[in-house]
Every structure is written in structure tokens, then in C-alpha cells.
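Commentary on secondary and tertiary structure
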Amino acid sequence: MAVPLRGRAKVPGKPGPKDLAANHLPGDYRPGKLRPEKLRAQDGRIRRLLLHPVRSVPVAFLAVILLGAGLLLLPASHYPTESDTVMPALFTSVSAVCVTGLITVDTATFWTPFGQAVILGLIQVGGFGIMTLATLLALLVRKNLGLRGQLVAQSETHTLNFGDVRSVLVRVAKIMATIEAGTAAILTLRFWIGYDANPATALWHGIFHAVSAFNNAGFSLYSDNLVGLAEDPWIIVPICAAVVAGGLGFPVIIALMRDGFRIKLWTVHVRLTVYGTLMLLAAGFVLFAAFEWNRPETLGPLSPGGKFLGALAGSVFPRTAGFNSIDYGTATPETLMVTNILMFIGGGSAGTAGGIKITTFLILGFAIWNEVRGREQVTIAHRSISSSAQRQALSVALLGVAAVIAGTLLLLMLTDYSLEKVLFESVSAFATVGVSTGITYHLPASAQWVLMALMFVGRIGTITVASALALSAHPRLYHLPEERPIIG
């Protein structure tokens, strides 16, 4: 007797409803295709990966670098040459966007006025981008803090809020334009009156060097950089002032404009940046003068005023402008070592200077001092520094050391230069300084790639690493048992 079938009968060789349910998903009638919700989730993960603020910074700078290299490859950008133009264009674009100043070709003779204008534009975009992105990332980090952390951070910054993005951009642009215009006016008058340059040439040289100075780029329109102008205070002093101003950082400039010299109103960040800058400038001046004052290869032939200006420039330019008023290839090993230290420390945060930053260096110094004195808390100006800030400072410093060591080892493997010169080149590239002992011109393409990587990591890495560490911080709701390994 036949048993009646419930539902549809399955025809042999033809998939039934269960098979269709297994092989075909709702809204999807092609076997092997991902579920739409999975596709949407995957697209969302990719979008979050690419559009995350910390990750978008390197992507944006890479895009500008490639655009700049493309413009520099145009025939209108360089004079006719039989040599390769791809590597010089790429290297110059990286150096300009990362406001470093290292060059493999002479800016004055290799690039046309159009090419020099492209370089100037890349410097301006790189400097403005660095200041605004560093400031906005700092605001993003602060916004990511808890309520207590936000209140503490707001009491420290007083003015900046995450909702003030537009005002931040406008104020950064106004500050940059004001300082650059003032510096350019002084330089233009000096080039016009003191060196008999025609007004158009004087204006172009004034604008170029003013923008290069404030953005701590170090590019010059002279083949010997500023060596031929080493004794001219109307050139050296305004450039040094612009370099220091750009290296202080946007938050410090705003605080100084608001509070002036009422030190009691200064935040810990402002105090660390201002006092640290003055301390390093004084120490660099004294040491540079002591090592080079009477040497015939550097400051010896100059007048007393020229020697003073040379020592001042030797203290300011490594922080991290990249200009040079002496030939570092003839400097003493002691001078190169002092310059390495100044370059590695760098300038202020959220500014155009490079290095690990003054605040990072001083926080680590205060941490060591308090540890030696047996204090549990690190205190600066009657404020305690959080353990997370100390860990971030330590991470940034050690990652900087690792980058310099890696770059130095690679350059030693790829070239025949001494450790002294290779180390100087690596620190200069990582700290986005741009001074050189003269070996950059002669490096092979493989070594140039190493320097480009160091410039990019040194400029973008310190900002993104510090922000990523702060954004990824998640407080634990429990404590593991403690243990004390043997230290030292």
C-alpha cells in the first residue's frame, strides 16, 4: 500500500527544497556567492581600516608624495638632463612633503622655477598637513578619553575642542601665513637692498626661504645652502626665528598668544616645550661654539659676529630645519655627535619639527629623575604625569631608536661610508632635519630608498604611533598578580 507523501516529492536527480536551502541563500541565487550581509560586513571592515583617522594620515601623505613626484617629472619642472629623473623626483617629493630637506640633486640648478614652485607647494602642504593633522589627532585622542580624562585634558588645553575643527584649520592657516609673510618681507628687503637682486628675484627668494624656514624644511635656492650668507644677521636671524616658531607647535603658539609670559597660566605641555626649547638652544649654542669656534674649516675664518651667528645656526637648524651655514662634512666628531642628539630630540609636538619631540624626551627625563629619588609619581609643575603618557613616551623613543639603528645598518650594508657619516645621515632622515655631511648626493638608489623610508616613518610615524597608542588604550577591570624581574 502506497504511503502518501507530505509536501513536495523529491524528483531523482533534482535538488529538493532542503538542498536549495543548503546551497542557495535568501536573496542569493548563485552557488558559492557570499551572503550580502557578509559582503556588507566585509566592506565595512575595509572601510574602517582605510578611513580610520590614524591610518588615513599615511595614506594622505603618500598620495601627496606621488602627486608631487609626478609634477616634478614633467619636462617643465627640470632642466634638460641625460641622467635619471625618476629617483630625484621621488626623493625630492618625499623630502619636501615630509619637510626634511635632504636632496640628491641641487635645487638651484636641477629644478626650473616651475619645479622649485612645486617643491615650495609640497613643503607648504606638508607643513600645514602636519600641524593640522597632529592637532586634530590630539583632539581625537582627547575625545576618546573618559569623562575624567576629557576634563583634565580640557583644563590643560583651555581652548581646543573636538567641535572646533574648522576654527583649528583657520587659526593654523592664519598663524602660518602671518609668520611666513613677516619673515618673507624681511628676507625680500635684504635680498633686494643688500644683494642688488631685482625685485622679482628678491621676492621669490624671500618667500621660498621663509616658507622653508617656518615649515622646518631646509630647502634653499643656493647651491651651498646658507653657507654664503653665514655672516648676514638680516638673513640668519629671521630664518632662525621662523624655524623656532614652527618648531614650537600650534598649541604652544596659541597658548603664548593668549597667556603671554604669565607663566602661572602655562600648562605642563607649554612649560615643557618652551623651557625645553630654551635649554636645548643654549646647550647647542655653547657646545657648537666650543667645538668649532677656532677651526679654520668651519667658524675660524669668520668675524666674531659671524662666529656668533654660526653657533646660533648650529644650535637652531638641527631642530629640525635642515639649513646649514657650515659644511658638516668638515665638522668635528664632537659637533656631529651633539647635532645627532639635537636632531633626534627635535622640536615641539603638533608643529613642523621632527624627532621624538621635546615633551617625549623631558617626560622620560623626569621619569628617571623621580625613579632615582624613589618617588612613585612623576610630577611636573605640581601636576602628576599619567602612567599611560609615560608608556607612550617610552614607546615613541624606543621605536625611534629602532628606526635609526635599522636605517644605519642598512646604509652600512649598501654603502662604503663610515659609521659616523651613515649614523648622521640616518638620524637626519628620521628626525626630518635634512642636514648632511655631503654623502646624500652619492648614495645608490637602494640607499636612497632607505632614507625615503626613514623620512616617511620619522615624519608620519611619530604622530600616528602616539595617537594609535592613546586611541587603543582600554582600561582593564582587573589586576593580575605582580612580579618584579631583576632590573639592571
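Conventions used here
Residues numbered from 1 in each chain as written. Predicted model: local features only at pLDDT ≥ 70, side-chain atom pairs only at ≥ 80, totals over all residues. Heavy atoms only, no water. Helix = DSSP H or I, 4+ residues; strand = E, 2+ residues; numbered from the N terminus. Buried < 20%, exposed > 50% of the residue type's maximum accessible area, 1.4 Å probe, protein only. Lys, Arg positive; Asp, Glu negative; His and termini not counted. Salt bridge = Lys/Arg side-chain N within 4 Å of Asp/Glu carboxyl O. Polar contact = N/O pair within 3.5 Å; in protein donor to acceptor, adjacent residues only side chain to side chain. Contact = heavy atoms within 4.5 Å. Axes fitted to C-alpha atoms, helices over the stretch in contact; angles between N-to-C directions. Parallel < 35°, antiparallel > 145°, perpendicular 65-115°, else oblique. Left-handed = near helix turned anticlockwise from the far one by under 90°. Expected span 1.5 Å × (residues − 1). pLDDT = per-residue confidence, 0-100. Patch = residues over 30% accessible without salt bridge, like charges linked within 9 Å, V, L, I, M, F, W, Y side chains within 5 Å. Areas by Shrake-Rupley, 256 points an atom, 1.4 Å probe, with all protein chains shown as cover. Nonpolar A, V, L, I, M, F, W, Y, C, P; charged D, E, K, R; others polar.

Here the focus is the side chain of E180. Relative to the elements of secondary structure, E180 occurs in helix 8 (residues 165–194). R459 is the oppositely charged side chain nearest to the buried, salt-bridge-free E180, at an N-O distance of 13 Å. One polar contact links E180 to Q124, side chain to side chain, over a distance of 3.3 Å. When neighbours within four sequence positions are excluded, E180 is seen to be in contact with Q124, A210, V211, F214 and N215.

We now examine the packing of helix 16 (residues 387–414) against helix 17 (residues 419–430). Interhelical geometry of helix 16 versus helix 17 gives an angle of 135° and a closest axis separation of 9 Å. Here helix 17 runs oblique to helix 16, going by the angle between their axes. Once helix 16 is placed against helix 17, the crossing between them reads as right-handed. From helix 16, G400, A403, V404, G407, T408, L411 and L412 reach across to helix 17, where they touch L419, V422, L423, E425, S426, V427 and F430.

Here we come to helix 9 (residues 199–214). Since the α-helix turns once every 3.6 residues, residues separated by three or four places project in the same direction. Here helix 9 is 16 residues long and its end C-alpha atoms lie 22 Å apart, about the 22 Å a rise of 1.5 Å per residue gives. Buried within helix 9 are the following residues: A202, H205, G206, F208, H209, A210, V211, S212, A213 and F214. Downstream of helix 9 by a residue or two, N216 has a phi angle that is positive, lying close to 55°.

Next up on the list: the confidence of the model for the chain. Taken over all residues, the pLDDT of the chain has a mean of 83, while the share at 70 or more is 78%. Across the chain, element-level confidence peaks in helix 17 with a mean pLDDT of 96 and bottoms out in helix 7 (residues 147–157) with 40. Contacts of residues 1–11 to residues separated by more than four positions or lying in other chains number two contacts, the stretch itself having pLDDT below 50. The low-confidence segment residues 144–160 (pLDDT under 50) makes 26 contacts with residues lying over four places distant or belonging to another chain.

Among the surface-exposed residues, V401, I405, L409, L412 and L419 lie close enough to one another that they form a single nonpolar patch of about 430 Å² accessible area. Of the residues forming the nonpolar patch, the biggest block, four residues, is contributed by helix 16. Among the structural elements, L409 can be located in helix 16.

With the rule as written, the count across this model stands at four salt bridges. Here R190 makes a salt bridge to D232, at a shortest N to O gap of 2.9 Å. Residue R190 is found in helix 8, and its partner D232 is found in the loop between helix 9 and helix 10 (233–248); the two are separated by 42 residues along the sequence. Note that E297 and R295 form a salt bridge whose closest N and O atoms lie 3.3 Å from each other. Bridged by salt links that share partners, the residues E292, R295 and E297 form one connected network.

A few words now on unusual backbone geometry. In this model, R319 is joined to T320 through a cis peptide bond whose omega is -10°. Looking at the element boundaries, T320 is found in the loop between helix 13 (304–316) and helix 14 (333–345). Notably, D196 is not glycine yet its phi reads approximately 55°, a positive angle. Assignment of secondary structure puts D196 in the loop between helix 8 and helix 9. Exposure remark for D196: the relative accessible area of 70% places this residue in the exposed category. The residue K357 is not glycine, and still its phi comes out positive at about 90°. Tracing the backbone through its elements, the reader meets K357 in the loop between helix 14 and helix 15 (358–372).

Between helix 11 (residues 250–259) and helix 12 (residues 268–292), the least distance of the axes is 10 Å, while the angle of their chain directions is 100°. By the angle between their directions, the pair helix 11 and helix 12 is classed as roughly perpendicular. Judged by residue contacts, V252, A255 and L256 of helix 11 engage H269, V270, T273 and V274 from helix 12. Here the contact of helix 11 with helix 12 is composed, by residue class, of five nonpolar, two polar and no charged.

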